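Coordinate inspection notes
Letter by letter, the chains look like this.
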Amino acid sequence: MAESLTEADAAERLAWLAAEIARHDKLYHDQDAPEASDAQYDALVRENRELEARFPELVRADSPSKRLGAAPTSALAKVPHARPMLSLDNAFSDEELAEFVSRVRRFLALPADEPIALTAEPKIDGLSCSLRYEHGQLVLAATRGDGAVGEDVTANVRTIRDIPQSIVAAPDVLEVRGEVYMSKADFAALNARQEASGGKVFANPRNAAAGSLRQKDPGITAARPLRFYAHGWGELSEPLAAMQLLAMKKLGSLGFPISDLLVRCDTIEEALAHYRKIEQARADLPYDIDGVVYKVGRLDWQERLGQVGRAPRWAIARKFPAEKAETTLEAIDIQVGRTGKLTPVGRLKPVGVGGVMVANVTLHNRDEIARLGLRIGDRVRIQRAGDVIPQVVENLTRDEPRKPYVFPDHCPMCASEAVAEEGEVDVRCAGGLICPAQRFERLRHFVSRGALDIEGLGEKSLVEFIELGWLHSPADIFRLHNHRDELLGREGWKEKSVDNLLAAIEAKRRPDGPRFLFGLGIRHVGIVTARDLLKCFGTIDGLRRAAVSEGGEAELSSVHGVGPVVAEALVDFFHEPHNREALDDLLSEVTPAPFVSDARQTEWSGKTIVFTGSLETMSRDEAKEQAERLGARSAGSVSAKTDLVVAGPGAGSKLKKAEELGIRVATEEEWAKIVADAFGGSPK
Ligand code: IVH
């Protein structure tokens, strides 16, 4: 802002900033769909703070500096925090970190030579969560909300394996605070699944974590791979330690994950060196971080320092600069997804952005290309926002004359027409299963881990079999055994690999109902919706009858968890002659198990089971599903509350702990017998 700013200009700008920051807060917190990068958001907050410092009389009642995050949404119950959940002030340079230490020294009136030790640890890009334990039991989990009142996410948090349900030798009241996050790999896999099922695709791991945690249905959270790092505490009935680092270590020993990049720094030089170390490690860390958090080491000093506004005086976040770079857009390729969506991908002259070479950017859709006015040959500014797929943020040569880019109106794979339906931004290929790209993507989805999970039928084999003309639709997978001899004659296939593949296929002739339905790849039908649908209709046939019957759409949309959009997609799917044929064909090869709606009452109901080591005849997910069917819960860590530990080869510390605690331990074979007995001889 110019120095010559008048008071009227400043008032106008502050009003605009208040509205703009509130709008971004809402997009970020309520809709998990931010428009601004962290750096852009921080710049707005900073401008607001600076203007308010210059014109204190203009501080508005609705000033962003008086709020913490966004107000909680109404969907989840509100819970007041026993102690406020604070935010952090930011520093953007070495000097600003030094100023922070000077402020601490001044505030505490410490002599110039008194060392001020700090802790330093990564600032995880997730969402903060407070976990309240009373007498060792997790009784409440809440999001930050507005800092004073959060949202009750207890049921959802109970599905997170990193978070203990109960702890031993804990203070009577212990509130652990930390970050719920999603790893980069899990985020990519989740988005691939979401894309495949036509579900919501998340902008970055933070939004995926927030969207997954802030759910009405804990079943959705359970299906999302969330993780947790502790970074502090709230109410305590007794102190954890006298120093920040020791208190954190205590939390670690109680069973909470703490960062292995958490260190103590005795001098500013050490603190700066650790910042550089973390910055260097950033690209290789399995999760997103957006800076380094420093905290005053002595807890008695923290107490004295207290807080100012929304942030403690004893902590500061040194943020990484936004990662941006400039390069040339060399080509725009169109990828065709399973549902026929045409996604433009920008091919760039490779450029380093924050330590990573970037050669591709997603351009999202036709509208985004138009918004940026992109043409091949343009210079572009790209950004790696929150470590996700890089994006183009600006076209630097918009005004230069160049041949415009024309978005295709025919599918580049099968030449069928490609159109956007009214009110939709996505352009889709109308070729359905005649489109080889769609065929490949559908088959890939059908055999993927979340669906039928056919091991050994990877992308390479799928392409090979499609090219050989052996695979047209999913049913053909179950007829691959007819090609056994031909396959044996092909390069890379040996008797053992062929037999393993065919056995893996045979093992899925009676697939789980929801996984089968999910595998069909009907738009908007993810695994949770598939489960809801089968809970209601029992079988695929039952669902199909409902979908094609008169008034079927209304009946479907009344199912719990199913709205009009899903209902319409189902009706469309089951009316399409091609799909009906492919499904009939498939059902002549496989028989999905009818859905057993509620977990049975068994001797395992309400019990807690931990699976550890490798399982040989089933996947971990399958074993957990079996536990759920018995009415039991599967947990990630062994505690006194554990009733059974199923240990496969390679089991380590969990098995040891179970033995120490005298908990029953079973082999995988014994587990299969427990399941079979509970279900009268049939494990499914
Ligand atoms: S300390 C009173 N430590 O960043 C201090 N926060 O921008 C509050 N965050 O609300 C938090 N990593 O959700 C702390 N190592 C870390 C953190 C961390 C991520 C989040 C936290 C906080 C936000 C502030």
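Before any of the text, the structure's been laid out above.
For the structure given in this document, a descriptive report is provided here. (Residues numbered from 1 in each chain as written. Predicted model: local features only at pLDDT ≥ 70, side-chain atom pairs only at ≥ 80, totals over all residues. Heavy atoms only, no water.)

**Comments concerning the site of the ligand**
In the vicinity of the ligand lie 15 residues, with Lys123, Ile124, Ser128, Glu179 and Lys295 positioned nearest. Here a nitrogen atom of the ligand and a side-chain polar atom of glutamate 121 are 3.4 Å apart. Take lysine 295: an N or O atom from its side chain is 3.1 Å from a nitrogen atom of the ligand. Burial of the ligand by the protein chains amounts to 88% of its free accessible area of 520 Å². At the level of elements, strand E3 (118–124) and strand E10 (289–296) are the ones that each hand at least two residues to the shell around the ligand. Examining the composition of the shell around the ligand, we find that 4 residues originate from one element, E3, more than from any other. (Near = heavy atom within 4 Å. Polar contact = N/O pair within 3.5 Å; in protein donor to acceptor, adjacent residues only side chain to side chain. Areas by Shrake-Rupley, 256 points an atom, 1.4 Å probe, with all protein chains shown as cover. Helix = DSSP H or I, 4+ residues; strand = E, 2+ residues; numbered from the N terminus.)

**Some points on the packing of aromatic side chains**
Under the counting rule described, the total for this entry stands at 10 aromatic pairs. Between the aromatic rings of phenylalanine 446 and phenylalanine 516, the centroid separation amounts to 6.3 Å while the plane-to-plane angle is 80°, which identifies the pairing as edge-to-face. With phenylalanine 446 in helix H12 (residues 436–447) and phenylalanine 516 in helix H17 (residues 513–519), the pair connects residues that are 70 residues apart, well separated along the chain. Assessed through its relative accessible area of 0%, phenylalanine 446 is described here as buried. Given a relative accessible area of 0%, phenylalanine 516 falls into the buried group. Cluster of aromatic residues (ring-pair linked, three or more members): Tyr181, Tyr229 and Tyr287. Between the NZ or CZ atom of arginine 318 and the centre of the ring of tyrosine 275, over which it lies, the distance is 3.9 Å. (Phe/Tyr/Trp six-rings, centres within 6.5 Å; stacked < 30°, edge-to-face > 60°. Buried < 20%, exposed > 50% of the residue type's maximum accessible area, 1.4 Å probe, protein only. Lys NZ or Arg CZ within 6 Å of the ring centre and 35° of its normal.)

**Focus: the pairing of strand E14 (residues 324–336)**
Strand direction decides the pairing type here: E14 and strand E17 (residues 379–383), joined by 5 bridges, are antiparallel. In the strand pairing of E17, glutamate 326 is matched with arginine 381. One ladder, built from 7 bridges, connects E14 with strand E15 (residues 342–353); its direction is antiparallel. Bridge pairing links isoleucine 332 to glycine 346 in E15. The loop that links E14 with its antiparallel partner E15 comprises 5 residues; one of these, glycine 340, has a positive phi angle of about 90°. (Pairing = 2+ DSSP bridges.)

**A look at the pattern of salt bridges**
When the charged atoms of two side chains with opposite charge come close together, those side chains can pair. Following the criterion strictly, the structure yields 39 salt bridges and no others. Note that arginine 318 is salt-bridged to aspartate 94, the shortest N-O span being 2.8 Å. Of this pair, arginine 318 sits in strand E13 (residues 315–319) while aspartate 94 sits in helix H3 (residues 94–108), placing them 224 residues apart in sequence. The salt bridge partner of aspartate 541 is arginine 544, with a shortest N-O separation of 4.0 Å. You can see aspartate 541 and its partner arginine 544 sitting in helix H19 (residues 540–548), 3 residues apart, about one turn around the helix. Through salt bridges with shared partners, a single network forms among Asp476, Arg479, Glu506, Arg509, Asp585 and Glu589. (Salt bridge = Lys/Arg side-chain N within 4 Å of Asp/Glu carboxyl O.)

**Focus: H3**
Between the first and last C-alpha of H3 there are 22 Å, a value that for 15 residues agrees with the 21 Å anticipated at 1.5 Å per step. Against the buried residues of H3 lie strand E2 (90–91), E3, helix H9 (268–281), E10, helix H10 (299–305) and E13. Looking one or two places after H3, you find alanine 109, whose phi comes out positive at around 50°. (Expected span 1.5 Å × (residues − 1). Contact = heavy atoms within 4.5 Å.)

**Notes on the sheet that holds strand E22 (residues 633–635)**
Strand pairs in the sheet, formed through backbone hydrogen bonds, run parallel or antiparallel to each other. Read from one edge to the other, the open sheet built from 4 strands follows the order E22-E21-E23-E24, with strand pairing classed as parallel. The outermost strands of the open sheet, each flanked by one partner alone, are E22 and strand E24 (664–666). Geometrically, the sheet is characterised by an average inter-axis angle of 30° between neighbouring strands, direction not taken into account. Alignment of strand E21 (residues 608–612) against strand E23 (residues 644–647), held across 4 bridges, turns out to be parallel. In the strand pairing of E23, valine 610 is matched with valine 645. (Axes fitted to C-alpha atoms, helices over the stretch in contact; angles between N-to-C directions.)

**Description of the packing of helix H18 (residues 527–537) against H19**
At a minimum axis distance of 8 Å, the contact between H18 and H19 shows a crossing angle of 90°. When the interaxial angle is binned, H18 and H19 end up roughly perpendicular. On H19, the residues that touch Leu533, Leu534 and Phe537 of H18 are Ile540, Gly542, Leu543 and Ala546. In the contact of H18 with H19, the residues fall into 6 nonpolar, 1 polar and no charged. (Parallel < 35°, antiparallel > 145°, perpendicular 65-115°, else oblique. Nonpolar A, V, L, I, M, F, W, Y, C, P; charged D, E, K, R; others polar.)

**As for unusual backbone geometry**
Glycine aside, residues mostly have negative phi angles, and peptide bonds mostly take the trans form. At alanine 169, a position not held by glycine, the phi torsion is positive, near 60°. Tracing the backbone shows alanine 169 in the loop between helix H4 (154–157) and strand E7 (173–182). With phi around 70°, alanine 415 is a residue other than glycine that occupies positive phi space. Tracing the sequence through the fold places alanine 415 in the loop between strand E18 (391–395) and strand E19 (418–420).

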